[in-house]
Amino acid sequence: MIHSRLRHRTTFASLLALAALGVSPLHASTYTWLATGPNTNWLNAENYGGTGTLTPNSSDVFIFDAGTRNANVNADALVGKIIIGPNFGDSTTNANLSQASNRVISINSDGTLPEGHTAGIQVLTGRTLETNINARLNLSGNITISNGGGSRLRLGVGNGAGGLARTRTPNVTSGVGLLSATTNPHSYSGAVTVDSGGTLQVNGDASFTTYSSLSVGANGTLSGGGTFASADVHSGGRISPGGEGGTNAGAGTLTFTSLLNLQSTGLVAIDIKPSGADAINATAGSIVLGGELRLRLDSAYTAEGTYQILLGLGPSSGDFNSVTIRTDAVNSTAVNLTSDENGLWSGEFASRGYQVAFDANTGVLTLVNLVPELSHFLLSALGVLALLRRRR
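Residues numbered from 1 in each chain as written. Predicted model: local features only at pLDDT ≥ 70, side-chain atom pairs only at ≥ 80, totals over all residues. Heavy atoms only, no water.

A closer look at the overall build of the protein chain
- The number of helices and strands found in the protein chain is 2 helices and 36 strands.
- Scored against the burial criterion, the 392 residues of the protein chain give a buried share of 48%.
- Across the protein chain, the fraction of contacts at a sequence separation of at least 24, relative to all contacts at a separation of at least 6, is 58%. (Helix = DSSP H or I, 4+ residues; strand = E, 2+ residues; numbered from the N terminus. Buried < 20%, exposed > 50% of the residue type's maximum accessible area, 1.4 Å probe, protein only. Contact = heavy atoms within 4.5 Å.)

Description of unusual backbone geometry
- At Ser235, a position not held by glycine, the phi torsion is positive, near 50 degrees.
- Relative to the elements of secondary structure, Ser235 occurs in the loop between β20 (231–233) and β21 (238–241).
- Given a relative accessible area of 44%, Ser235 falls into the partly exposed group.
- Look at Glu341: it is not a glycine, yet its phi comes out positive at around 70 degrees.
- For Glu341, the position within the fold is in the loop between β33 (338–339) and β34 (344–349).

Quick word on the packing of aromatic side chains
- Inspection of every chain in the model, using the stated rule, returns 15 aromatic pairs.
- Measuring from centroid to centroid gives 5.0 Å for Tyr31 and Phe62, while their planes differ by 45 degrees, and the two rings are tilted. Of this pair, Tyr31 sits in strand β1 (residues 30–32) while Phe62 sits in strand β2 (residues 61–64), placing them 31 residues apart in sequence. Accessibility classification places Tyr31 together with Phe62 in one group, the buried group. (Phe/Tyr/Trp six-rings, centres within 6.5 Å; stacked < 30°, edge-to-face > 60°.)

What about the side chain of Asp271?
- Structurally, Asp271 is set in strand β24 (residues 267–273).
- Classification of Asp271 as buried rests on a relative accessible area of 4%.
- A polar side-chain atom of Asp271 sits 3.3 Å from a polar atom in the side chain of Arg296. (Polar contact = N/O pair within 3.5 Å; in protein donor to acceptor, adjacent residues only side chain to side chain.)

Overview of the side chain of Ser146
- By secondary structure assignment, the location of Ser146 is in strand β10 (residues 136–147).
- A residue is classified by how much of its surface remains accessible, and Ser146, at 17% relative accessible area, is buried.
- Polar contacts involving the side chain of Ser146 include one to the side chain of Ser174, which spans 2.8 Å.

With respect to the pairing of strand β18 (residues 221–224)
- Alternating positions in β18 separate into two faces, Thr221 and Ser223 on one and Leu222 and Gly224 on the other, with burial throughout.
- Two strands pair when backbone bridges link them, and strand β15 (residues 198–202) and β18 are joined in this way by 4 bridges, in the parallel orientation. Bridging across to β18, Gln201 finds its partner in Ser223.
- Note that β18 and β21 share 4 bridges and pair parallel. Paired with Leu222 across the two strands is Ile239, which belongs to β21. (Pairing = 2+ DSSP bridges.)

Focus: the pattern of salt bridges
- Taken as a whole and judged by the stated rule, the model has 5 salt bridges.
- Here Asp271 ties to Arg296 by a salt bridge, and the two come within 3.3 Å at their closest N and O atoms. Of this pair, Asp271 sits in strand β24 while Arg296 is found in strand β28 (residues 292–297), placing the two residues 25 residues apart along the sequence. Exposure class is identical for Asp271 and Arg296. Each is buried.
- For Glu292, the salt bridge goes to Arg326, with nearest N and O atoms at 3.9 Å. (Salt bridge = Lys/Arg side-chain N within 4 Å of Asp/Glu carboxyl O.)

Some points on the sheet that holds strand β22 (residues 253–256)
- Strand order across the open sheet formed by 5 strands is β16-β19-β22-β26-β30, with parallel pairing between neighbours. Unpaired on one side and paired on the other, β16 (207–208) and β30 (310–311) mark the two borders of the sheet.
- Across 3 bridges, β22 lies against strand β26 (residues 279–281) in parallel orientation. In the sheet register, Leu254 faces β26, and the bridge partner there is Ile280.

Things to note about the environment of Asp60
- Among the secondary structure elements, Asp60 is positioned in the loop between β1 and β2.
- A polar contact is formed between the side chain of Asp60 and the backbone nitrogen of Ser29, at a distance of 2.9 Å.

Focus on the environment of Gly89
- Following the sequence through the fold, Gly89 ends up in the loop between β5 (81–84) and β6 (97–99).
- Since its relative accessible area comes to 14%, Gly89 is described here as buried.
- Ignoring sequence-local partners within four residues, the contact set of Gly89 consists of Gly67, Thr68, Ala95 and Leu129.

Structural notes on the confidence of the model for the protein chain
- On average, residues of the protein chain score 84 in pLDDT, and 83% of them reach the 70 mark or higher.
- Scored below 50 in pLDDT, residues 1–5 shows 10 contacts in the model against residues more than four places distant or in partner chains.
- For residues 7–25, every residue scores under 50 in pLDDT, and the model assigns this stretch 17 contacts once sequence neighbours within four places are set aside. (pLDDT = per-residue confidence, 0-100.)

Now the structure itself:
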């Protein structure tokens, strides 16, 4: 039997309400991982201060906020929520939820969680270590993924057995959630929402194309270099291949196999780096342009170049509402490019010495060194001559 102090039951009022509906409620339990224990097996109750083996359900919460040892997902289990705190792991071990023998964590929202909790995965504020959940994740119901820490939350990775599966609506609401490449592909088939400052980042080799819809809005970000089906970017949402502002060292390409709809309230951020430029590839689908195209010139960039930053444009793709360019500095000032109303945008980025042109019909960006006008040279020369005469 599990130690009684591990269990926090549903309230009496909740029990009465469920009984009136003829429903037998699941007991809500909170299991808190101890700094030390007999082993690292995540369902061994001794690692939480109890005895025996845990048999959790969708009403249960697991908290990992102590110790430097990994929690080993050595058996499949159904839970309601997983919480990772700032005190789990250290800079040497980087403790995580590791996995063995292709084990699966199922998270379902049909349980009655303890008060104040919603089904999903939460990384608490103050955590600076990267968080890895290496088992395959089966998400069912309305799931919230929230990362309040300072580093990425990597989901469904490890030993080729990771990935997301099942259906319904995961919502990435804060921080960075990373979907890595895996030999066991992501096969999630429900709707996905990224908003409230959340970032869904996909590894360059990962494929995430089986969901029913992807909505990026309310300051949410879709980034990385993987493959998606369709996406709708709106309400202040942004799409940023490769990770905006140098999150990744190299350039990245996000690929879409269906419709990428960039609404007038969305943002596309493209970084131009010494290694190349980020890009969006929709040659297997289509793009509807809108919102702001924000070009960011890396501080180390000194060359000239022509870059294909959008692929798959067609006659019905339309145009952006605005195109701007700035540096990668935190408080850099944006320069607005001017449109000729036929999809051609141009302007001078004088602070970096470039003439900039972007063609929304072809998706091509051109950067060439600014050559001062002849009149400027003549005025400068006349000024020098006048100065020399005075000195005589």
